[in-house]
Amino acid sequence: MKEITRINHVGLRVRDLSISQAFYAKLGFEFIAGPIGPEPVAIMEHPSGVNINFILNTSDNAVSDNILMDHPEKHAGFTHIALEITDPDQVEQHLESLGIRITERVEFGGARFFFIRDPDGNVLEFHKPAPQNES
């Protein structure tokens, strides 16, 4: 469908807004608004334009691990968000300086990417695409 122009935002259910807000602020996201609406929702946005809507209605009895990534049975659903980066070494150094653990590193076909977890176990990928062949 040609009318789709880009991803507008990512919805992410979190347990505690203050904890999530502090974590994502370390990654450069800025608080925009919230909590607002019936769910309720809080909004943070990165200067790159990546917008995250934190959905603040996690059930008190919800499991604490990530059901899509941490269980042997594979459920349908979004497993992670990939954030494109320009300098993997710089990003890794910054994350490590913040005490954020990199859970996996991959190099494939000239691309380089690595993964972290947010405080709720949601997976974030930092992705440096493979260089394009110039003709």
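Reading the values: the criteria
Residues numbered from 1 in each chain as written. Predicted model: local features only at pLDDT ≥ 70, side-chain atom pairs only at ≥ 80, totals over all residues. Heavy atoms only, no water. Phe/Tyr/Trp six-rings, centres within 6.5 Å; stacked < 30°, edge-to-face > 60°. Buried < 20%, exposed > 50% of the residue type's maximum accessible area, 1.4 Å probe, protein only. pLDDT = per-residue confidence, 0-100. Helix = DSSP H or I, 4+ residues; strand = E, 2+ residues; numbered from the N terminus.

One pass over the structure, following the stated rule, counts 5 aromatic pairs. Measuring from ring centre to ring centre gives 5.7 Å for Tyr24 and Phe29, while their planes differ by 85 degrees; the resulting arrangement is edge-to-face. Of the two residues, Tyr24 and Phe29, both sit in the buried class. Every member of this aromatic cluster is reached through a ring pair, and the members are Phe23, Tyr24, Phe29 and Phe54.

A few words now on the confidence of the model for the chain. Predicted confidence across the chain gives a mean pLDDT of 88, with 90% of residues reaching 70 or more. Taking the mean pLDDT of every element in the chain, the minimum, 91, falls on strand E1 (residues 10-13) and the maximum, 96, on strand E3 (residues 41-45).

That bond from Gly34 to Pro35 is cis: its omega, -5 degrees, falls within 30 degrees of zero. Mapped onto the secondary structure, Pro35 falls in strand E2 (residues 30-36). Cis peptide bonds are those with omega within 30 degrees of zero, and the linkage from Glu39 to Pro40 qualifies with -10 degrees. The residue Pro40 is located in the loop between E2 and E3 in this model.

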